[in-house]
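# Topology and contacts: notes
Below, each chain spelled out in residue letters.
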Amino acid sequence: MIKLFFTQFLIFLIGIITSLAQVTAPSQYVNPFTGTDGHGHTYPGATLPFGMVQLSPATRLSGWDGCSGYHYTDSILYGFTHTALNGTGVSDYGDILLMPLMGEPVFSNHLYASTFKKMNEHAEAGYYRVLLDDFKIKAELTTTVRTGYHRYTFPETREANIIIDLKHRDQVTESWIEIINDREIRGMRRSSNWAKDMQVYFHMIFSKPFLRQGIFSDNELQEKLQKARGTNIKAFVGFETKANEPIEVKVGISFVSAEGAYRNIQEENPDWNFNTIREEAWKTWNKQLSRITIISDDENRLKTFYTALYHTYLQPNTAMDVDGKYRGIDKKIHQTSGHTHYTVFSLWDTYRTWHPLMTLLETERTGDFIKVFLNIYEQGGLLPVWELAANETFCMIGYHSVSVIADAWLKGIRNYDGEKALKAMQNSAMQDHFGLEAYRRHGHIPGDMEHESVSKTLEYAYDDWCIAQMAKDMGKDSIYRTYIQRAQFYQNIFDPSTGFMRPKINGRWNTSFDPTRVDWHFTEANSWQYSFYVPQDISGLINLHGGKENFAQKIDELFETTNPISGRDQKDITGMIGQYAHGNEPSHHMAYLYNYVNKPWKTQQRVRQIMDNLYSHQPDGLSGNEDCGQMSAWLVMSAMGFYPVTPGSNTYVFGTPWFPETTIHLENGNHFKITAENVSSRNFYIQSAELNGRPYPYSYLKHDSIITGGHLHFTMGSAPNKNWASEDPYVPVARITDEPIVPVPVITSSTQRFKKPVKVSIQTIHKNCEIYYTLDGSQPGKKSISYSKPFFIDKTQEVNAVAWDSSGGYSFPVKANFIKLDFDKNIEILTNYNSSYHAGGPEGLIDGIRGPVNWRLGGWQGYQDTDFEAIIDLGQIKSVQRIAAGFLQDTRSWILMPKKVEFWISEDAKHFKRIATVEHSIADKNMDIIIQDLGVNVETDTRYLKIIATNYGELPPWHPGAGSPAFIFIDEVMIE
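Everything quoted here is computed from the prediction, not taken from an experiment.

What follows covers the pattern of salt bridges. One side chain can pair with another of opposite charge once the charged atoms of both are near each other. Here the structure, examined in full by the defined rule, presents 48 salt bridges. Between Glu362 and Arg365 there is a salt bridge, and its shortest N-O distance comes to 3.1 Å. Where salt bridges share partners, they join Glu174, Arg190, Asp197 and Arg229 into one cluster.

Here it is in structure tokens:
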């Protein structure tokens, strides 16, 4: 009995030791299908860390959830492509498709497609396999950095064929193909989509000679043709196979030339050994993922973590050939000098967590990223915003290259020209596009001058702080002072009466404001999701809220509110906890803000909630777009127990560790270990901490403490320890103290357009400020009118105002235009406009102010899924010579011209007679933003005029929003 007891006890101990063993083969925990379901937009195909090739199945031809070319719910497969994007919100890539089949060669993707079953699909790090049901062909994929390796195992047949489709996916502007001999083919595909001019060259080699061949060009198959050029090029090669005979294809790609693609094969994949390449891919991933090693007994959590780490290494992608040649942003061919050239920089997403993670795990590569940025600056005149395949897409907002550079510089990564970098950073900040000119002139972006004004103001201010930090470190005092002032511009859009960042329209707060409302004043968000975005001056934001307790209550409300999202549909706002949206990047730092108000235990609870509930290793395991590794980088950093709230500050803020032991193996040879004693699903509150064996009472950690190596130990418990790291000396601080600014005043009135005199008042955000204003358009100052009480405006006039105090001097000026309406007509709108596009109400259609080309500024009325119908009352019978209305078309944004516009007249508003029907002349496929007045000359006397504009209806099949209802945008109604 005693012997049995000790035997069982020994087995128990061995089980514990085994289950808590350190992970030595992290690749086994990777699930490439994670994020392929829901809205993760990932792909399951084979690739290597930072690889040029992403060899992945193509199962979806279009649509938002098909951005990567694959969705987990699909059951039809069109082939295998050599490029794919990891979790973006816009489609691109999917180049050079191969598809094996049996029978007569066909060239429509719907004809050569095959069904497949999930049970016959397998993916792992560096390898993908699927059985094509329609042909009983097993397809296997693996890669080197620059080559894709296919193995297709056929049944016995005389009609084994492989289709090569250069037309697949986006719009082809140019392509060519050449059959070199009976085993080699090369060519080029040039396309326009998100990347407006992308060129991919290829060279492919087959493992056995093909017996048949043909090129499909100009919708005709020509079997003797060796070369072809055009925009609809496809080809096939044919074989005879024995049962279970594999045919292998090696495909090198290049952004430079077909010769470069061939050299990439010769250098990286010269032999015929699929299994060896697969094994090398597995080893490469094991080595890469071993940068972080974990000890844990939770296999599901290990899968979630290592899959997240895997996703962080899928981009940026190598974009140079083995000889160092690459295509620059200027479309010229360049030669690298000692670094790797990369592409795919989703900087609005990745500057927040992904790039700071790389400063820990990939210090040398981070320097290479910045060298790429500077090359792009030299070749194109601007640091990248969202670079893709040697194209600047200008997707999203800010100039966040400066964040990446400053964060690296201040963490000691300096293997690049710092002077050039600082010059390039300032160059980005001094452009006049995307509201920057208004930002510099007004100290914020007024909402009637640029769309997404609140988000842009906030993110520009953070980027300017980054420039200031780098300038300060380099001893550039004047540059520092300029940009530290700009870093405070966020104060000009903070409304203390609501506690929210709020758009300003015509010098006043936007009167239709609702913090839950998603509209064009914010970028993929609402005010809840941007009002906490001041990472550079969290102390200043706390002060604006009236202190730490008020700010803590505001964060509580963020997570606890039951008010739903309102306003326009925005697919990216997902992963909701209250109004916190983890599925989109602007929210990612918010759970960590409790540390700054002396309540670290609340951060611990929220971070653990997010990690446990919004991540898994299942196909739907991401709560939003992966966004080129950012979503996964958040988990990787948070699972280690800390997070970079303010990149560029060298400070990481504590959350709560996910594993009993985590070790970062640094490039400098040091190791930083994080242990969490007693950690479990219940024990996620930090009771105490030690750093290198000494008590550590702080809720933050400095970068130097990590890179010099060491041991951070947490003791965990099931209840919060409210005494640990909750006193002021121990909490993180992000504060701007130099060059304080005076926030701009607010000009308030009941309306901008008036018939009777309107009362105007002016307030300041800071107390004890003096206000000066002018009514003649001149710059206000102390010699102007001193404001003491509200006043009235009785004519069209411009009010300019400034605030002043002795510590900060003058604020930026703020301006409001008031327009007296000198007409006696009225308008009644009979259909409902979309609440996001109201143009200021019904009178906005007859106020004489035309809507701008940038319709997002709010000057247009929008009608979705309904016609427009309105009656204008002229007040009395009048002679009318012409009647017209202005309409806008922006097909990409679902706004199309009306099918027709009808004009009716009446003397009693009851009995109307149609006098004209007008149609437009603009093609619905015209992708330009176009304004056209649709009207007619008439000679008639009438009092009432009716206008009916017929909606386009459902968007057509070729449109990305196919089947959804179109908008009509109207402004202004003109009567002569």
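Back to the write-up after that little detour.
The subject of this paragraph is the packing of helix α7 (residues 354-361) against helix α17 (residues 630-640). Two elements in contact, α7 and α17, have axes separated by 9 Å at closest approach and are oriented at 55°. Here α17 runs oblique to α7, going by the angle between their axes. As α7 runs across α17, the sense of the crossing is left-handed. The segment α7 lies against α17, with Trp354, Leu357 and Leu360 engaging Gln630, Ala633, Val636, Met637 and Met640. Of the residues that constitute the contact of α7 with α17, the class distribution is seven nonpolar, one polar and no charged.

Attention now moves to the packing of helix α16 (residues 600-614) against α17. Two elements in contact, α16 and α17, have axes whose closest approach is 11 Å; the angle formed by their N-to-C orientations is 130°. Looking at the two axes, α16 sits oblique to α17. α17 is crossed by α16, and the crossing has left-handed handedness. Contacts between α16 and α17 involve Val607, Ile610 and Met611 from the first element and Trp634, Leu635, Ser638 and Ala639 from the second.

Another aspect to go through is the pairing of strand β8 (residues 127-132). With four bridges joining them, strand β7 (residues 121-124) and β8 adopt antiparallel strand pairing. Paired with His122 across the strands is Arg129, a residue of β8. Hairpin connection from β7 to β8: two residues lie between these consecutive antiparallel strands, with Gly126 at a positive phi of about 85°. By the bridge criterion, six bridges tie β8 to strand β9 (residues 137-143) in an arrangement that is antiparallel. Among the inter-strand pairings, Leu132 is bridged to a residue of β9, identified as Ile137.

Put simply, the protein chain has an average pLDDT of 95, and 98% of its residues get 70 or more. In this model, residues 1-18 is a region of pLDDT below 50 whose contacts with residues beyond four sequence positions or in other chains number zero contacts.

Given a rise of 1.5 Å per residue, 12 residues ought to cover 16 Å, and the 17 Å separating the end C-alpha atoms of helix α10 (residues 418-429) matches this to within 8%. When we look at burial in α10, the residues that qualify are Gly418, Ala421, Leu422, Ala424, Met425, Ser428 and Ala429. Down the axis of α10, the buried set is contained in an arc of 160°. They therefore lie on one face. For α10, the secondary structure elements touched by its buried residues are α8 (363-380), α9 (401-410), α11 (436-442), α12 (453-473) and α13 (477-486). Its side-chain oxygen 3.1 Å from the backbone nitrogen of Glu419, Asp417 forms the N-cap of α10.

Turning to the sheet that holds strand β26 (residues 386-388), a few remarks are in order. Taking strand neighbours across the sheet as the criterion, the three strands line up as β25-β26-β27 in an open arrangement whose pairing is antiparallel. Of all strands in the sheet, those with a lone pairing partner are β25 (345-346) and β27 (391-392), marking the two edges. Pairing of β26 with β27 involves two bridges; the strand directions are antiparallel. Among the inter-strand pairings, Glu387 is bridged to a residue of β27, identified as Glu392.

Now for the environment of Ile922. Locating Ile922 in the fold gives a position in the loop between β57 (913-918) and β58 (930-949). For the pair formed by Ile922 and Leu896, sequence separation is 26 residues and the distance between their alpha carbons is 9.2 Å. Apart from residues no more than four positions distant in its own chain, Ile922 is found in contact with Gln889, Met897, Ile930 and Gln932.

Attention now moves to the sheet that holds strand β49 (residues 791-793). If you walk across this open sheet you meet the three strands as β44-β46-β49, and the pairing is antiparallel. For this open sheet the edge positions go to β44 (746-749) and β49, each flanked by a neighbour on one side alone. Neighbour-to-neighbour, the strand axes of the sheet open up by a mean angle of 40°, direction not taken into account. Bridge count for β44 against strand β46 (residues 758-763) is four bridges, and the pairing is antiparallel. What sits directly across from Thr748, in β46, is Ser761.

About the thresholds
- Residues numbered from 1 in each chain as written.
- Predicted model: local features only at pLDDT ≥ 70, side-chain atom pairs only at ≥ 80, totals over all residues.
- Heavy atoms only, no water.
- Salt bridge = Lys/Arg side-chain N within 4 Å of Asp/Glu carboxyl O.
- Axes fitted to C-alpha atoms, helices over the stretch in contact; angles between N-to-C directions.
- Helix = DSSP H or I, 4+ residues; strand = E, 2+ residues; numbered from the N terminus.
- Parallel < 35°, antiparallel > 145°, perpendicular 65-115°, else oblique.
- Left-handed = near helix turned anticlockwise from the far one by under 90°.
- Contact = heavy atoms within 4.5 Å.
- Nonpolar A, V, L, I, M, F, W, Y, C, P; charged D, E, K, R; others polar.
- Pairing = 2+ DSSP bridges.
- pLDDT = per-residue confidence, 0-100.
- Expected span 1.5 Å × (residues − 1).
- Buried < 20%, exposed > 50% of the residue type's maximum accessible area, 1.4 Å probe, protein only.
- Arc of directions from axis to C-beta.
- Polar contact = N/O pair within 3.5 Å; in protein donor to acceptor, adjacent residues only side chain to side chain.

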